[in-house]
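Examining the three-dimensional arrangement
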Amino acid sequence: MSVHDTQNPESREDALQTAVDAVSEGRLIVLPTDTVYGIGADAFSADAVDALLEAKGRGRDTPPPVLVGDPSVLLALAVDVPEYAERLAEEFWPGPLTLILTAQPSLTWDLGETRGTVALRMPDDEVALELLRRTGPLAVSSANRHGRPAALSVLDAATQLGDAVEVYLDGGTARIGTSSTIIDTTVEPPEIVREGALSREQIVEVLGDIFTAPEPEPTQDDATADVDDSHAEGATGPAENSSDDSDTDIRTQPDQDDSDPAVSTAGTTDPADPAAAADAIALPSEPDMEDISSGEQPATESAAGNETPLDTSAGEDTADGERTQSAPG
């Protein structure tokens, strides 16, 4: 076991190279990150990953996350990445955000019982990023024994892990001191598995509420039912509808366009010509005194009484037709 100072620029290069050599040989290292200290191993070495889990006292049912040094690696290690997951990486990487994604099936690694998933994160720490660029993806879990507090310094990590780790990189006290937030993007809508340094409110503020399923859109059957209900209300509740001026207008006024013969005839009659006016509205001839005194009603009066100058049923059909077409919109 050896401890190497990465805070001193003069010793940093040697410290990083020592860690790279240990990883390439399948041994374990401890490295600083922005959240807490991590215990790391080559993600593509099944033996190294098993040693990592054993050092922590955990089983294969709790596979470690994978740290990456570049956001573009996300699309190489995962498939079927949702668009919002890419946006999350763009907004919060490097940083305290871990994304559970569907793992690339062609990868030759064994992280444990992952059920076809992988948890990826890009830490916001200069030493960690430089190391990851040299080693490639590392399987990294918090540098502590299972059930114990996460290590915030290299001394905390060494106290808990001891000789199980070959190389310790000392980067000072962890800046954030709280574990990352984990989001499972393999379910719909995505779920926050663990809320850590990055809050739900911060995520919603940037991306909107991706954690709530959208309301289902109304179907065509629903829209038709709404229209049928409105017709039924009009048939059974004329008193209520009559109090609504706009509804009354729709139901009682016919379409008045240039092709309506009733409207055009009434609108072009010359009021100064009594004969023309009488012809237009079919007024009955004036009865003489003999007809009235005899109690007989003129035949023309009965005909006029039955005449309907404006057919309101056409207005009802037009109104219903307009309502039916506009309801789905």
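Structure report, in brief. Worth saying up front: this structure is predicted, and the values here are computed from it rather than measured.

What counts, and at which threshold
- Each chain has its residues counted from 1, following the order in which its sequence is written.
- It should be noted that, the model being predicted, local features are given only for residues of pLDDT at least 70 and side-chain atom pairs only at 80 or more, the latter also being counted only at that level, while totals for whole chains, interfaces and linings use all residues.
- For side-chain calculations, the full set of non-hydrogen atoms in the structure is used, while hydrogens and water are omitted.
- The way it works is that DSSP assigns letters per residue, a run of H or I at least four long becomes a helix, a run of E at least two long becomes a strand, and they are numbered from the N terminus.
- Buried residues are those whose accessible area, probed at 1.4 Å on protein chains only, stays under 20% of the maximum for their type, while exposed residues exceed 50% and partly exposed ones sit between those limits.
- For this analysis, residues touch if any pair of their heavy atoms sits within 4.5 Å.
- To be clear on the numbers: accessible area is Shrake-Rupley with a 1.4 Å probe, and residue cover counts the displayed protein chains and nothing else.
- Note on geometry: axes are C-alpha line fits, over the in-contact stretch for helices, and angles between N-to-C directions span 0 to 180 degrees.
- In what follows, roughly perpendicular refers to angles from 65 to 115 degrees, roughly parallel to angles under 35, roughly antiparallel to angles over 145, and oblique to any angle outside these ranges.
- Each residue gets one of three labels, nonpolar for Ala, Val, Leu, Ile, Met, Phe, Trp, Tyr, Cys and Pro, charged for Asp, Glu, Lys and Arg, and polar for the others, Gly among them.
- Note on terminology: a nonpolar core comprises buried Ala, Val, Leu, Ile, Met, Phe, Trp, Tyr and Cys residues joined through side-chain atoms within 4.5 Å.
- The working definition used for a salt bridge is a side-chain nitrogen of Lys or Arg within 4 Å of a carboxyl oxygen of Asp or Glu.
- Throughout, the arc means that of the directions going from the helix axis to the C-beta atoms.
- Two helices crossing with the near one rotated counterclockwise from the far one by less than a right angle form a left-handed crossing, whereas a clockwise rotation gives a right-handed crossing.
- Identification of polar contacts relies on pairs of N or O atoms within 3.5 Å, with a donor-acceptor requirement for protein atoms, meaning one able to donate a hydrogen and the other able to accept it, and with residues adjacent in sequence counted only if both atoms are side-chain atoms.

1. Quick notes on the overall build of the protein
Each helix and strand in the protein was counted, giving 15 helices and 11 strands. When burial is assessed residue by residue, the protein has 34% of its 329 residues classed as buried. Counted over contacts in the protein with a minimum sequence separation of 6, partners at least 24 positions apart contribute 65%. Summed over its atoms, the accessible surface of the protein is roughly 18,500 Å², and 49% of this surface lies on carbon and sulfur atoms.

2. A closer look at the packing of helix α4 (residues 83-92) against helix α7 (residues 200-207)
Remark: α4 packs on α7, axes separated minimally by 11 Å, with the N-to-C direction vectors making an angle of 110°. Judged by the inter-axis angle, α4 sits roughly perpendicular to α7. Residues Tyr-84, Arg-87, Leu-88, Glu-91 and Phe-92 of α4 touch α7, and the partners they reach there are Gln-202, Ile-203, Val-206 and Leu-207. Here the residues of the contact of α4 with α7 are counted per class, giving 6 nonpolar, 1 polar and 2 charged.

3. Quick look at the nonpolar core
Core analysis: the largest hydrophobic core is formed by 47 residues, its most contacted members being Val-30, Ile-39, Leu-88, Trp-93, Leu-99 and Leu-120. Counting residues per element, the ones that place at least two in this core are β3 (38-42), α2 (46-56), α3 (74-77), α4, β6 (97-103), β7 (117-121), α6 (154-161) and α7. Core analysis: the second largest hydrophobic core is formed by 17 residues, Ala-15, Ala-22, Ile-29 and Leu-67 among them.

4. A few points about the pattern of salt bridges
Under the criterion given, the structure shown has 12 salt bridges. The salt bridge partner of Asp-34 is Arg-121, with a shortest N-O separation of 3.1 Å. With Asp-34 in the loop between β2 (29-31) and β3 and Arg-121 in strand β7, this pair connects stretches of sequence that are 87 residues apart. In this pair, the class of Asp-34 matches that of Arg-121, namely buried. Linked by salt bridges that have partners in common, Glu-13, Glu-130, Arg-133 and Arg-134 make up one network.

5. Digging into α6
Those residues of α6 that sit buried are Val-154, Ala-157, Gln-160 and Leu-161. One side of α6 carries all its buried residues, which in axial view fall inside an arc of 135°. Along α6, exposed side chains directed more than 90 degrees from the buried face belong to Leu-155 and Thr-159. Elements that come into contact with the buried residues of α6 comprise β1 (2-5), β2, β3, α2 and β9 (167-170). Looking one or two residues beyond α6, the residue adopting positive phi is Gly-162, at roughly 55°.

6. Notes on the packing of helix α1 (residues 9-24) against helix α5 (residues 126-135)
At their nearest, the axes of α1 and α5 sit 10 Å apart, and the two run at 45° to each other. Judged by the inter-axis angle, α1 sits oblique to α5. Regarding α1 and α5, the two cross each other, and that crossing is right-handed. On α5, the residues touching Arg-12, Glu-13, Leu-16, Gln-17, Ala-19, Val-20 and Val-23 of α1 are Glu-126, Val-127, Glu-130, Leu-131, Arg-134 and Thr-135. Grouping the amino acids of the contact of α1 with α5 by side-chain chemistry returns 6 nonpolar, 2 polar and 5 charged.

7. Thoughts on the side chain of Asn-144
Mapped onto the fold, Asn-144 is located in the loop between β8 (138-142) and α6. Residue Asn-144 is classed as buried on the basis of its relative accessible area of 5%. A polar side-chain atom of Asn-144 sits 2.6 Å from a polar atom in the side chain of Ser-142. Beyond its immediate sequence surroundings of up to four residues, Asn-144 is in contact with Lys-56, Pro-149, Ala-150, Ala-151, Gln-160 and Leu-161.

8. Examining α2
Taken together, the buried positions of α2 are Ala-48, Val-49, Leu-52, Leu-53, Ala-55 and Lys-56. Here the buried residues of α2 occupy an arc of 160° about the axis, which is enough to place them on one side. Every exposed residue of α2 that faces more than 90 degrees away from the buried side is listed here: Asp-47 and Glu-54. Buried positions along α2 lie against β3, β8 and α6. Gly-57 sits one or two positions beyond α2 and adopts a positive phi of about 80°.

9. Things to note about the environment of Val-127
Here Val-127 is to be found in helix α5. Separated by 96 residues in sequence, Val-127 and Leu-31 place their C-alpha atoms 8.1 Å apart. Those residues within four positions of Val-127 in sequence are excluded, and the remaining contacts are Thr-6, Arg-12, Leu-16 and Pro-32.

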